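Here's the letter readout for the chains.
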There are 2 protein chains.
Amino acid sequence: MRSVIESPVPSAAQARVIAAAQKLFARHGVGGTSLQMIADELGVTKAAVYHQYRTRDEIVLAAARAELDILAAVVATAEEEPSPQRARDALIDGIVDLTVDRRRTVSTILGDPVIAGFFDDDEQFREVMHQMRRLLVGEDASAEARVRLAMLLAAISGAATHPFVRDLDDDTLREQLSELARRFLGLRG
Amino acid sequence: MRSVIESPVPSAAQARVIAAAQKLFARHGVGGTSLQMIADELGVTKAAVYHQYRTRDEIVLAAARAELDILAAVVATAEEEPSPQRARDALIDGIVDLTVDRRRTVSTILGDPVIAGFFDDDEQFREVMHQMRRLLVGEDASAEARVRLAMLLAAISGAATHPFVRDLDDDTLREQLSELARRFLGLRG
DNA sequence: GTCTATAGTGCGATAGAC
DNA sequence: GTCTATCGCACTATAGAC
């Protein structure tokens, strides 16, 4: 089942603003990134950036939304798999790929307290989370299942930025994350 | 073995600044917290805060260092356990307690990109990480052990702030985190 | 240890020309 | 879609009185 919630598709110029913002958020944090920095990164003036988005908050929201859209696409692809097992595996691999490809970006942006606040009551965010939960632990709503799920998602995105794994190449990291995530999820009491 | 690296002990007034800063960092992010906000939180003026620390960066560093000191104390306590198994269990429980007690604080502060940069070449940080590594996976330096360790630490601190577990009470969360962490670490290929 | 007052800078945001 | 120019404001930081 596809998500019924659609984000507005950014124009090419907006997409450039978003990409610049995400890059800077990952390096300096959301609160540590100014409009001037985004403009400089793009090689234009602040006024040009304001032509794409009316406030700084809109840029932050659009950048966070774009990150969430990528995750939603991974979830939607996984849901098209024919069996629950294959859907589960596809989701894990999708999240691992996404995280390793973008290393700091995903965890820093989705982990930022300001963005977490934005998403607190966000319908798309809740739907994506709900879909992931159903794919990974089914209808099990026990405390154990929820903690296990939260740990799994935090482990994948958090581990990719950890100093312990900094000198691992992407392929090795992907392989290990995927394998360990699958085994962690398969744990039975 | 105790850490040989000691942080300067903050005065009472400095400790209040640090506590206020940590609270605000958790809510607004490091870059999103101004000196004015810290002063307001304490009910004093900016000049009074500047009397304790000469620059904003020093406050950020002191707050991060204080967080690291707590973690270092947990590691030191675990190292005094008589057997490797008990040391490992004590470390896991210590990290879980720390994370649940302080929920957003630990992961937001240690996960902030600016603070991660501060700690990149920090000796105390490296030593604490090294000690944790030795306690949890011994001398195993394989890619698998390193990824497993990074995942474990990210899973504990990240899961505590995850929306999936928001409505769990502290005791339940502690119990589940501790149990699942121990099982994850015990996984054998 | 806290205050008032202030300097200097960079911020978010807007107006209007091209 | 980009620019220059500007407004008003909040910021970091300092000086000096109490």
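Residues numbered from 1 in each chain as written. Chains lettered and ligands numbered in written order. Predicted model: local features only at pLDDT ≥ 70, side-chain atom pairs only at ≥ 80, totals over all residues. Heavy atoms only, no water.

Asks: Can you tell me about the relation of the copies chain A and chain B, naming the residues and giving the values?
Replies: With an axial shift of 0.0 Å and an RMSD of 0.0 Å, the rotation relating chain A to chain B amounts to 180°. Here the copies are linked by what is in effect a two-fold axis. Same-surface contact between copies: 100% of interface residues of chain A are shared with the interface of chain B. (Least-squares fit on C-alpha atoms with pLDDT ≥ 70 in both. Contact = heavy atoms within 4.5 Å.)

Asks: Please set out the environment of P84(B) residue by residue, giving values where relevant.
Replies: Among the secondary structure elements, P84(B) is positioned in helix α5 (residues 84-102). Its relative accessible area of 61% is what places P84(B) among the exposed residues. (Helix = DSSP H or I, 4+ residues; strand = E, 2+ residues; numbered from the N terminus. Buried < 20%, exposed > 50% of the residue type's maximum accessible area, 1.4 Å probe, protein only.)

Asks: Which residues make up the environment of D93(B), and what values do they have?
Replies: All names here are of chain B. Mapped onto the fold, D93 is located in helix α5. Taking C-alpha positions, D93 is 12 Å from L71, a pair spaced 22 residues apart along the chain. Among residues more than four places away in sequence, those in contact with D93 are S178 and R182.

Asks: Quick one: what's the story with the side chain of Q14(B), residue by residue and with numbers?
Replies: Residues and elements named next belong to chain B. As for its placement among the helices and strands, Q14 is situated in helix α1 (residues 12-28). Of note is the side chain of Q14, whose polar atom sits 2.9 Å from the backbone nitrogen of S11. If we ignore the near neighbours within four places in the chain, the residues touching Q14 are V9, Q52 and Y53. (Polar contact = N/O pair within 3.5 Å; in protein donor to acceptor, adjacent residues only side chain to side chain.)

Asks: An account of the pattern of salt bridges is requested, with residue identities and associated values reported.
Replies: For the structure on display, the rule yields 30 salt bridges over all chains. Residue R166(B) is joined to D120(A) by a salt bridge in which the shortest nitrogen-to-oxygen separation is 3.1 Å. Here D120(A) lies in the loop between α7 (113-119) and α8 (123-137) and R166(B) lies in the loop between α9 (143-159) and α10 (170-186), a pairing that spans two chains. Among the salt bridges present, the one from E79(B) reaches R134(B), with a minimum N-O distance of 3.4 Å. Of this pair, E79(B) sits in helix α4 (residues 56-79) while R134(B) sits in helix α8 (residues 123-137), placing them 55 residues apart in sequence. Exposure remark for E79(B): the relative accessible area of 14% places this residue in the buried category. By relative accessible area, which is 35% here, R134(B) ends up partly exposed. Members of the salt-bridge network, linked through shared partners, are R88(A), D89(A), D93(A) and R182(A). (Salt bridge = Lys/Arg side-chain N within 4 Å of Asp/Glu carboxyl O.)

Asks: Let's hear about the interface of chain A and chain B: which residues, and what values?
Replies: Listed as interface residues are 48 residues of chain A and, on the opposing side, 48 residues of chain B. Interface of chain A and chain B: buried area, both sides summed, is about 3,800 Å²; carbon and sulfur atoms make up 73% of it. The tally of links between chain A and chain B comes to 4 salt bridges. Among the ionic pairs, D167(A) bridges to R146(B), the shortest N-O distance being 2.4 Å. Counting only elements with at least two residues in the side of chain A that touches chain B, the list comes to α1 (12-28), α6 (104-111), α7, α8, α9 (143-159) and α10 (170-186) of chain A. (Buried area = accessible area lost by both parts, 1.4 Å probe.)

Asks: Break down the protein's contact with DNA strand D for me, with residues and values.
Replies: Neighbouring DNA strand D are 15 residues, the closest being T45(A), L35(B), K46(B), Y50(B) and R56(B). Taking the atoms of DNA strand D that fall within 4 Å of the protein, sugar and phosphate contribute 54% of them. R56(B) is positioned with one of its backbone polar atoms (N or O) 2.6 Å from a phosphate oxygen of DNA strand D. Of the residues belonging to the surface near DNA strand D, the class tally is 7 nonpolar, 5 polar and 3 charged. (Near = heavy atom within 4 Å. Nonpolar A, V, L, I, M, F, W, Y, C, P; charged D, E, K, R; others polar.)

Asks: Any details on the packing of aromatic side chains? Residues and values, ideally.
Replies: Residue and element names in this part refer to chain A. On inspection of all chains with the given rule, the structure shows 3 aromatic pairs over all chains. Judged by centre distance (5.1 Å) and plane angle (10°), the rings of F119 and F125 are stacked. Each of the two residues, F119 as well as F125, counts as buried. (Phe/Tyr/Trp six-rings, centres within 6.5 Å; stacked < 30°, edge-to-face > 60°.)

Asks: Quick rundown of the protein's contact with DNA strand C? Include the residues and the values.
Replies: Around DNA strand C lies a shell of 16 residues, among which S34(A), L35(A), Y50(A), R56(A) and T45(B) are the nearest. A distance of 2.7 Å separates a phosphate oxygen of DNA strand C from a polar atom in the backbone of T45(B). At the level of elements, α2 (35-42) and α3 (46-52) of chain A together with α1 and α3 (46-52) of chain B are the ones that each hand at least two residues to the surface near DNA strand C. Looking at the surface near DNA strand C residue by residue, the class counts come to 7 nonpolar, 5 polar and 4 charged.

Asks: Could you give an account of unusual backbone geometry, with specific residues and numbers?
Replies: One non-glycine residue, R103(A), adopts positive backbone phi at about 25°. Its location among the elements puts R103(A) in the loop between α5 (84-102) and α6.

Asks: Which residues make up the side chain of Q22(A), and what values do they have?
Replies: Inspection of the secondary structure assignment puts Q22(A) in helix α1. Aside from chain neighbours lying at most four places away, what touches Q22(A) is A63(A), A66(A), E67(A), R102(A), T105(A) and I109(A).

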